[in-house]
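Architecture at a glance
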Amino acid sequence: MLLFFTLGLLIHFVFFASIFDIYFTSPLVHGMTPQFTPLPPPARRLVLFVADGLRADTLYELDENGTSRAPFIRNIIMHEGSWGISHTRVPTESRPGHVALIAGFYEDVSAVAKGWKENPVEFDSLFNESKYTWSWGSPDILPMFAKGASGDHVYTYSYDAKREDFGAQDATKLDTWVFDNVKDFFRHARNNQSLFSKINEEKIVFFLHLLGIDTNGHAHRPSSRDYKDNIKKVDDGVKEIVSMFNHFYGNDGKTTFIFTSDHGMTDWGSHGAGHPSETLTPLVTWGAGINYPQRVSAQQFDDSFLKEWRLENWKRLDVNQADIAPLMTSLIGVPFPLNSVGILPVDYLNNTDLFKAESMFTNAVQILEQFKVKMTQKKEVTLPFLFTPFKLLSDSKQFNILRKARSYIKHRKFDEVVSLCKELIHLALKGLSYYHTYDRFFLGINVVIGFVGWISYASLLIIKSHSNLIKGVSKEVKKPSHLLPCSFVAIGILVAFFLLIQACPWTYYVYGLLPVPIWYAVLREFQVVQDLVTSLLTYPLSHFVGYLLVFTLGIEVLVLSFFYRCMLTAGLTAFAVWPFLTRLWTRAKVTSLSWAFFSVLLAVFPLMPVVGRKPDISLVMGAGLLVLLLSLCVVTSLMKRKDSFRKEELLVHLLQVLSTVLSMYVVYSTQSSLLRKQGLPLMNQIISWATLASSLFVPLLSSPAVFQRLFSILLSLMSTYLLLSTGYEAVFPLVLSCLMFVWINIEQETLQQSGVCCKQKLTSIQFSYNTDITQFRQLYLDDIRRAFFLVFFLVTAFFGTGNIASINSFDLASVYCFLTVFSPFMMGALMMWKILIPFVLVMCAFEAVQLTTQLSSKSLFLIVLVISDIMALHFFFLVKDYGSWLDIGTSGSCPEYTVSLCPDFPETFLIYACCPAITVTPPSIQH
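Calculation rules
In this convention, every chain numbers its residues from 1, walking through the sequence in written order. Local features in this predicted model are restricted to residues whose pLDDT is 70 or higher, and side-chain atom pairs enter the listing and the counts only when it is 80 or higher, whereas totals over whole chains, interfaces and linings include all residues. Side-chain numbers here rest on the full set of heavy atoms in the structure, without hydrogens or water. UniProt positions are given in the numbering used here, feature names are shortened, and annotations may be inferred rather than shown by experiment. Here a helix means four or more residues in a row that DSSP labels H or I, a strand means two or more in a row labelled E, and each is numbered from the N terminus. For every residue, the accessible area (1.4 Å probe, protein chains only) is compared with the maximum for its type, and the residue is labelled buried under 20%, exposed over 50%, or partly exposed between those bounds. Only heavy atoms enter the contact rule, under which two residues are in contact if any of them lie within 4.5 Å. Note that accessible areas follow from Shrake-Rupley with a 1.4 Å probe, and for residues the cover is restricted to the protein chains shown. Pairs of strands are assigned from DSSP output, requiring at least two bridges between the strands. In this analysis, axes come from line fits to C-alpha atoms, helices being fitted only over the stretch in contact, and the angle between any two N-to-C directions falls in the range 0 to 180 degrees. To estimate the expected span of a helix, count its residues, drop one, and scale the result by 1.5 Å. Bend angle per residue: angle between axes fitted to the 7 residues ending at that residue and the 7 residues starting there. Each salt bridge in this description consists of a side-chain nitrogen of Lys or Arg and a carboxyl oxygen of Asp or Glu lying within 4 Å of one another. Residues forming no salt bridge and having over 30% relative accessible area are the ones grouped into patches, like charges within 9 Å of each other and nonpolar side chains (Val, Leu, Ile, Met, Phe, Trp, Tyr) within 5 Å. Think of a nonpolar core as a cluster: buried Ala, Val, Leu, Ile, Met, Phe, Trp, Tyr and Cys residues, connected wherever their side-chain atoms sit within 4.5 Å. Two rings from Phe, Tyr or Trp (for Trp, the six-membered ring) form a pair when their centres sit within 6.5 Å of each other. Planes less than 30 degrees apart are called stacked, planes more than 60 degrees apart edge-to-face, and all others tilted. Here, a charge over a ring means that NZ of Lys or CZ of Arg falls within 6 Å of the ring centre while also lying within 35 degrees of the ring normal. What qualifies as a polar contact is a pair of N or O atoms within 3.5 Å, subject to a donor-acceptor requirement within protein and to the restriction that residues adjacent in sequence count only when both atoms come from side chains. The pLDDT value tells you how sure the predictor is about a given residue, anywhere from 0 up to 100. The directions considered for the arc are those from the helix axis to the C-beta atoms.

An unreviewed UniProt entry lists the protein chain under the name GPI ethanolamine phosphate transferase 1, with Papio anubis as the source organism. According to its UniProt record, the protein chain has this under Subcellular location (unreviewed entry): "Endoplasmic reticulum membrane".

What follows is the structure, given as structure tokens:
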């Protein structure tokens, strides 16, 4: 058995790693030659303003008085420059947005493993190609571009990370700090000859990252006065900086200004997904090399923004976010970033047609270089007779397009050059994607073959060792043949040789060779398969088909629930009806009605909006009152049974009740303090962290009896959950726990009904590691239902109030009782604990079910393993390497890593339930 679990861990680890190796490898290539326009650039310097989290509509629209929130920017649109909407791609986060703006490519998906924070691979950028770059702003953004820059020419000036406080009195100070430091920098430059000479060079960049708008959006929502007033302050600051630049450089007309945003923000103050409020960002450009405003009588767009913003008479030029990078490089004459996939928006340029054509040609050659390198890399590691080139862009077609473009330039057919280069760029981008996913099918097939073999082996082990299905089938013991192992050894050698001659990475050997021993183990159990078929033939065909259809439907409902939360509602509604379709209704009417009531009540939660969109502290207070009321009822009931309730246990319960009261006070007090913009009170912060810490060990002080221990766990975890709640989700664990208590009782009824064992009182059953193995029984068909219930409840615990695949689905306000200063990893950890609390409640209940039904946890674990692994196969084919955090996370949310990585899963995760009370000397842990 130990060998089985070791093999299982290895296979699941490989399967998990394969997702990153197949879907989330870096698309970036290296070894290209830098390309730049061979004509003099219009600008000597470029100033880039990035207003983090600024929505296009909030900037461009007029307020309730008919005036602009950003009068300086609006004046630029009407009199000095060009404007439009920059369409970002998901995930709409700060790092991906800035990478697209400054490096010209959309986020490297391999950064998903690092939370989009660190550079997974080195990449080129506008800053790296510039002669000098000076940047001011957030410590979370600036280092990522300085870290990968060659040489020492990218200078960063950032404030302390503690300034990024969502509970601060005035988040606009972050932007004021940037503007003030830029002014101080230029004042200092007048007295520093070395610095003065540097900032008078050509091909230099000044980058101002303005985080105040994003911070106010998260803290107060984009509809708030704070968010809109911050836009006005940014507009005033930009006006001052532009005036300072013009004065410092003597109005030489060699400065280009670009004002944009990395991403927008939803109405509820989050970003990361693909809602238009997140993907539509402003782009306003003016200065050297930029077209002046163009008045038009009509414009064709699929939206009604122009009329709403009253800008229908000024030509709008929309771009993709990555297109801004080649625009900036062409304006100051530096090479295009080597990994850029942006297409130069020539309509923004105020220059000769020759300059536009040459710039577009350089852009096409730069992207074509990436295609060539990618093709060469793949060709070198593939056997010639197996290599399939990208047919739409053969060597001859590349040569013909480039030759034709040069001919058009020579004959001054500049419009044709631009059109031809765009065609070449689109083909090259398709080719890059083709070669990037070249091995995906081969690797996927190997992984699937191995995983199907593992599922088959686990199923055979259940049938052979944990069930009575084939016990009555007579079988002859046959001597093992040497042909089988020899055949698989030969197959392994052939696979290894095939990979060796192609110089494949070592991971390919793992994916290619792992299925060999797995399927060898499966075929060794061929006798079990024969006996299983013989046994199944004795069952009525209609029964077999019916059970198979129900099982398949259940699996599909579980898979669909990862994408459509309403499927959880459908499943819970079916659960509510289940007792009335069996004899349970006649035997236990109260239990059946309780089961139906709480199932229907829990089914309401997946239909409600995702947590955080409509915060309501009154609901959190209401949940706290319900917990106190339930505690009063339970303690009163236990005190009536004096024989089983000690004073020490009463003290523990009173301590937990006090913790719940304190949590309610902290939530209310913190909310009031933040509304007054007084920040997070220190005492509230101390109480919150103390409550979190105490909730981890206080349940261990309670009685090991099933009911008392489970209730103690609920009280402790609810105290923490209240601190992490902002609305209706505070009631969710309470309803879930009530259903879990009923589940334990109803499973006892089903066993008594089937005559497997007699019903025991929950107060007489105690959690203990020293369980008598001889009491465990074999698996029955109904145990598959129990395992399915567990998986379904786990999925409900995860997705009942949101989508755990994306932290973007949760509101940062959830952690404001613990901290308000921006700390992504700490905030992420607190959110994950909030997500795990319902998960722990379900697993504690499952441990009680396993104990009361006298079933080995390993037996049930194996069924759960098979169910979750079948689900995982679905997700393997649904994985996306594009889209929002939500899309990527949901598609990659393989359930087997949630429920099957640990062989002693219930014991490992349920120390609350399994550890005896500390008042008793704990026995040694025996696994």
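What follows picks up the thread again.
1. Re the overall build of the protein chain
Looking only at helices and strands, one finds 37 helices and eight strands in the protein chain. Looking at the protein chain as a whole, 57% of its 927 residues are labelled buried. Within the protein chain, contacts between residues at least 6 apart in sequence are counted, and of these 80% link residues at least 24 apart. Accessible surface computed for the protein chain: about 39400 Å², of which carbon and sulfur atoms make up 62%.

2. Focus on the sheet that holds strand S6 (residues 255–260)
The strands making up a sheet are joined through hydrogen bonds of the backbone, oriented either antiparallel or parallel. Strand order in the open sheet made by the eight strands is S4-S3-S5-S1-S6-S7-S2-S8, with mixed pairing throughout. Across the chains shown, the open sheet's two edge strands, defined by having one partner strand only, are strand S4 (154–158) and strand S8 (319–320). Summarising the sheet, S6 and strand S7 (residues 280–287) pair through five bridges and their orientation is antiparallel. Within S7, the residue paired with threonine 256 across the bridge is glycine 287. Contacting strand S2 (82–87), S6 and S7, helix H3 (residues 71–79) crosses the sheet at an angle of about 65° to S7. Contacts from helix H7 (residues 173–189) reach strand S3 (132–137), S4 and strand S5 (204–210), with the element oriented near 150° to S5.

3. Quick word on helix H32 (residues 824–852)
Compared with the 42 Å implied by 1.5 Å per residue over 29 residues, the 42 Å span of H32 between its first and last C-alpha is a close match. Along H32, the sharpest kink reaches roughly 30°, centred on leucine 836 and followed within four residues by the proline proline 838. Among the 29 residues of H32, 23 are classified as buried, and the element is accordingly described as predominantly covered. Glutamine 854 occupies a position one or two residues after H32 and carries a positive phi of about 55°.

4. A few points about the pattern of salt bridges
Side chains bearing opposite charge may pair, as long as their charged atoms lie close to each other. Scanning all chains against the criterion turns up 23 salt bridges. The partner of aspartate 57 in a salt bridge is arginine 55, with the nearest N and O atoms 2.9 Å apart. Judged by its relative accessible area of 9%, arginine 55 falls in the buried class. Arginine 69 is the partner of glutamate 61 in a salt bridge, and the nearest nitrogen-oxygen pair spans 3.0 Å. Here glutamate 61 falls in the partly exposed class, since its relative accessible area comes to 24%. If you follow the salt bridges from partner to partner, you end up with Glu747, Asp782, Asp783, Arg785 and Arg786 in one network.

5. A closer look at a nonpolar patch on the surface
A surface patch of nonpolar side chains, about 700 Å² in accessible area, is lined by Phe385, Leu386, Phe442, Phe497, Phe498, Leu500 and Ile501. Position of leucine 386 among the secondary structure elements: in the loop between helix H14 (353–380) and helix H15 (395–410). By relative accessible area, which is 35% here, leucine 386 ends up partly exposed.

6. What about the nonpolar core?
Formed by 139 residues in total, the largest nonpolar core has its most connected members in Trp454, Trp595, Trp743, Phe793, Ile867 and Met871. When residues in this core are grouped by element, the largest group, 17 residues, is from H32. Counting 69 residues, the second largest nonpolar core, distinct from the first, contains Leu126, Val319, Val417 and Ile425.

7. Let's talk about the packing of aromatic side chains
Under the criterion given, the structure shown has 65 aromatic pairs. Centre to centre, the rings of tryptophan 595 and phenylalanine 793 are 6.3 Å apart; their planes meet at 75°, and the pair counts as edge-to-face. Note that tryptophan 595 is positioned in helix H25 (residues 589–603) and phenylalanine 793 in helix H31 (residues 781–799), a separation of 198 residues in sequence. A relative accessible area of 0% places tryptophan 595 in the buried class. Judged by centre distance (6.5 Å) and plane angle (50°), the ring pair of tryptophan 743 and phenylalanine 789 falls under tilted. Placement of tryptophan 743 in helix H30 (residues 732–754) and of phenylalanine 789 in helix H31 is noted, with a sequence separation of 46 residues between them. One exposure class covers both tryptophan 743 and phenylalanine 789, and it is buried. Over the aromatic face of tryptophan 585 sits the side chain of lysine 589, whose NZ or CZ is 5.4 Å from the ring centroid.

8. Here we look at the environment of alanine 848
Within the secondary structure layout, alanine 848 lies in helix H32. Separated by 103 residues in sequence, alanine 848 and asparagine 745 place their C-alpha atoms 9.9 Å apart.

9. Quick word on unusual backbone geometry
A positive phi angle, close to 50°, is found at asparagine 251, a residue other than glycine. Here asparagine 251 lies in the loop between helix H10 (225–248) and S6. By relative accessible area, asparagine 251 is classed as exposed at 60%. The phi dihedral of alanine 503 is positive, around 55°, even though this residue is not glycine. Counting through the fold element by element, alanine 503 comes out in the loop between helix H18 (483–501) and helix H19 (506–513).

10. A look at the side chain of serine 688
Positionally, serine 688 belongs in helix H28 (residues 682–694). By relative accessible area, which is 0% here, serine 688 ends up buried. A distance of 2.9 Å separates a polar atom in the side chain of serine 688 from the backbone oxygen of cysteine 817. Setting aside residues up to four positions removed in sequence, serine 688 forms contacts with Val666, Leu723, Cys817 and Phe818.

11. Some words on the confidence of the model for the protein chain
On average, the protein chain scores 84 in pLDDT, and the residues at 70 or more come to 86%. Across the protein chain, the secondary-structure element scoring lowest on mean pLDDT is helix H36 (residues 905–909), at 33, and the one scoring highest is S6, at 98. Low pLDDT (under 50) marks residues 894–927, which in the prediction has 95 contacts with non-local residues, meaning those over four places away or in another chain.

12. Remarks on the environment of leucine 632
On the secondary structure map, leucine 632 appears in helix H26 (residues 617–640). For leucine 632, a relative accessible area of 54% corresponds to the exposed category. Here the alpha-carbon distance between leucine 632 and valine 657, two residues 25 residues apart in the chain, equals 8.9 Å.

13. Here's the deal with the pairing of S7
Along any regular strand, the residues point their side chains to alternate faces of the sheet. Counted residue by residue, S7 has seven buried out of eight residues, so it is predominantly covered. Two strands pair when backbone bridges link them, and S2 and S7 are joined in this way by six bridges, in the antiparallel orientation. By the bridge assignment for S7, glycine 84 is matched with leucine 283.

14. Looking at H28
Between its first and last C-alpha, H28 extends 18 Å over 13 residues, near the 18 Å set by a 1.5 Å rise per residue. Turning to H28, its buried residues are Asn684, Ile687, Ser688, Thr691 and Leu692. Taken end-on, H28 shows its buried residues confined to a sector of 135°, consistent with a single buried face. Turned more than 90 degrees away from the buried face of H28 sit Leu682 and Met683, all of them exposed. On its buried face, H28 sits against helix H27 (647–675), helix H29 (706–723) and H32.

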